[in-house]
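Summary of structural features
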Amino acid sequence: MGDVNRSLVLEGSEQGYATTRLDALLGWARKYSLFSYPFITACCGMEFMALTSPRFDVSRFGAEVPRFSPRQSDLLWVVGTVSQRQGPVLKRIYEQMMAPKWVFAFGTCAASGGFYDNYTTVPGIDKIIPVDVYIPGCPPRPEAVLDGLMLLQDKIQRNERRPSVVKPRFDPAESVHDMVRLRRSAADPRALLPAMREHTKRNVGGSAS
Amino acid sequence: MSQIVLDKLRERFGTAILETHTNYGDDTAVVDRGVWKAVATFLREDPALDFDMPVDLCGVDYPNRMPRMEVVLHLYSVSKGQRVRIKTRVGDDDMDGAELDSLVGVWPGLNWLEREVFDMSGVRFRGHPDLRRILMYPEFEGHPLQRTYPAQKTQPLVEYRTEDEAGVPLNKLEPFGADEGMPFGRKGLPRDGTSPAVPGRRRSLTEDN
Ligand code: SF4
């Protein structure tokens, strides 16, 4: 039952009823039945497809049903670059959604305009509509998006509307760079193997074989 | 075949061919803007040349030159397997007189490309059936690929939300720096990678040892 007050529920159930706060119950119901409206405009869409594929399986979080009308959905995924020309469209779609509604800025472009710092692009969709969760990355990995989804569920449960940002865990490119540098610095690279295994274990998690 | 195209052009048009050069089999001819359409028709219709495919048309701005705007046309002959690049120059400092004959009558495929050159560079094509903007919106003022267009000037279609309205800061949040994803940076921004550290960033392997 998630964050619904467990002791109250248990206590109540012995006598045949449960008590909780209405907003907590509503939050709990809402966070597991997010109907999505994908607003997909660019390369990040590929990663959105990966997210909905069996491997990452967004349905585990109750957010797998795409609605192709904004009027039926409560979670707007803005995935990709939003050009100035699309700005009015995005605003219109947001206005058509019924409250309560939440917005994801998926990818660096949607969150800040990314490297399109010029005449073409809206420098972050928050200039036009409110955003609940920003997911950085170009494109973000599906794991980062799942992090964002859990963050949103948590916010829905707490009825918290301040925007938040998914924090990157570590940069794989930097890690590889370190490894290469270390390997080049050693006379006999084999001597470094234990240290590298340890490094992988610490940063990537799980067992390195 | 390489030189044959340029030789034929020189033979036919004489001094109206201002320059020619050939690098690694890449033939280029700079022609006077007065013969722009005549050259195109010749290349299309001469049976020995038979340039039946217009590959690309674009504008390149050289603000210190006179005339400043270069219009570049790439052609390919499917039957002869030959390519040629034709350039011409138009427009003074204020882009006055930046006009060319439209080639839509020669290659109908140039319709949208001429609209793009008009939209981006501001060259007008005489006799074009429908010379409107194609990438930018009708409300847009100016031509963004002219060097005189300020690099960071945007023309939003929807008014941006103010920070008061949003209740949160709308400048780029961490980890979205002002130069996110821009290795070359912009004037006034640090170019040496001194952006603020990413929160929760892992420690480097070489620092640990
Ligand atoms: S953040 Fe990167 S991957 Fe996503 S839309 Fe922008 S450029 Fe494409």
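Report follows, based on the coordinates. (Residues numbered from 1 in each chain as written. Chains lettered and ligands numbered in written order. Predicted model: local features only at pLDDT ≥ 70, side-chain atom pairs only at ≥ 80, totals over all residues. Heavy atoms only, no water.)

Per the secondary structure count, chain B includes five helices and seven strands. Its helices and strands in sequence order give chain B the pattern α-β-β-α-β-β-β-β-α-β-α-α, from N to C terminus. By the burial criterion, 37% of the 209 residues in chain B qualify as buried. Relative to all contacts within chain B whose residues are 6 or more apart in sequence, the contacts with residues 24 or more apart total 48%. When the accessible surface of chain B is summed, it comes to about 11,700 Å², and 50% of that surface belongs to carbon and sulfur atoms. (Helix = DSSP H or I, 4+ residues; strand = E, 2+ residues; numbered from the N terminus. Buried < 20%, exposed > 50% of the residue type's maximum accessible area, 1.4 Å probe, protein only. Contact = heavy atoms within 4.5 Å. Areas by Shrake-Rupley, 256 points an atom, 1.4 Å probe, with all protein chains shown as cover.)

Now for the packing of aromatic side chains. Residues and elements named next belong to chain A. Scanning all chains against the criterion turns up eleven aromatic pairs over all chains. Ring centres of Trp28 and Tyr32 lie 6.4 Å apart, and the angle between their planes is 80°; this geometry places the pair in the edge-to-face category. The exposure class assigned to Trp28 is partly exposed, which follows from its relative accessible area of 28%. Seen from their ring centres, Trp77 and Phe106 are 6.2 Å apart, and the 50° between their planes marks the pair as tilted. Of the two residues, Trp77 is situated in strand 2 (residues 75-79) and Phe106 in strand 3 (residues 102-106); the sequence distance between them amounts to 29 residues. Classification of Trp77 by relative accessible area gives buried; the value is 1%. Under the relative-accessibility criterion, Phe106 is labelled buried at 0%. (Phe/Tyr/Trp six-rings, centres within 6.5 Å; stacked < 30°, edge-to-face > 60°.)

To continue, consider the environment of A:Asp117. Mapping A:Asp117 onto the fold places it in the loop between helix 5 (107-112) and strand 4 (133-135). Separated by 27 residues in sequence, A:Asp117 and A:Leu90 have C-alpha atoms that sit 19 Å apart.

Another aspect to go through is the sheet that holds strand 4 of chain A. Sheet strands pair via backbone hydrogen bonds, and the direction of the pair is either parallel or antiparallel. Taking strand neighbours across the sheet as the criterion, the five strands line up as 1-2-3-4-5 (chain A) in an open arrangement whose pairing is parallel. Edge strands, defined here as strands with exactly one partner in the open sheet, are strand 1 (36-40) and strand 5 (164-165) of chain A. (Pairing = 2+ DSSP bridges.)

Take the nonpolar core next. Ranked by internal contacts, the top residues of the largest apolar core, which has 35 residues, are B:Leu9, B:Trp36, B:Leu43, B:Leu57, B:Leu73 and B:Ile86. Of all elements in the fold, only helix 1 (2-13), strand 2 (26-31), helix 2 (36-45), strand 4 (69-77), strand 5 (82-90) and helix 3 (110-121) of chain B reach the threshold of two or more residues within this core. For this core, the leading source of residues is helix 2 of chain B, giving five residues. Within the second largest apolar cluster, 23 residues are counted, among which are A:Leu51, A:Trp102, A:Phe104 and A:Leu152. (Core = buried A, V, L, I, M, F, W, Y, C linked by side-chain atoms within 4.5 Å.)

So, on to a nonpolar patch on the surface. All names here are of chain A. On the surface, Leu22, Leu25 and Leu26 cluster together into a nonpolar patch covering about 270 Å² of accessible area. Its location among the elements puts Leu26 in helix 2 (residues 22-31). A residue is classified by how much of its surface remains accessible, and Leu26, at 38% relative accessible area, is partly exposed. (Patch = residues over 30% accessible without salt bridge, like charges linked within 9 Å, V, L, I, M, F, W, Y side chains within 5 Å. Salt bridge = Lys/Arg side-chain N within 4 Å of Asp/Glu carboxyl O.)

Moving on, we come to the sheet that holds strand 2 of chain B. Residues and elements named next belong to chain B. Spatially, five strands are ordered 1-2-5-4-3 in an open sheet, and the strand pairing comes out mixed. A single partner strand is all that each edge strand has here, and the edge strands are strand 1 (17-23) and strand 3 (53-61). Here the average twist between neighbouring strands, direction ignored, is 20°. Judged from the three bridges that link them, strand 2 and strand 5 form a sheet pairing that is parallel. Note that in strand 5 the partner of Thr28 across the bridge is Arg85. Along the sheet face, helix 2 touches strand 2, strand 3, strand 4 and strand 5 and points at about 170° away from the line of strand 5. Relative to the sheet, helix 3 contacts strand 3 and strand 4, its axis offset from that of strand 3 by approximately 5°. (Axes fitted to C-alpha atoms, helices over the stretch in contact; angles between N-to-C directions.)

Glancing now at helix 6 (residues 142-158) of chain A. Residue and element names in this part refer to chain A. Look at helix 6: 24 Å from first C-alpha to last across 17 residues, which is about the 24 Å you get at 1.5 Å a residue. Where helix 6 is buried, its residues touch helix 2, helix 3 (44-52), strand 2, strand 3, strand 4 and strand 5. Following helix 6 by one or two positions, Asn159 has its phi on the positive side, about 55°. (Expected span 1.5 Å × (residues − 1).)

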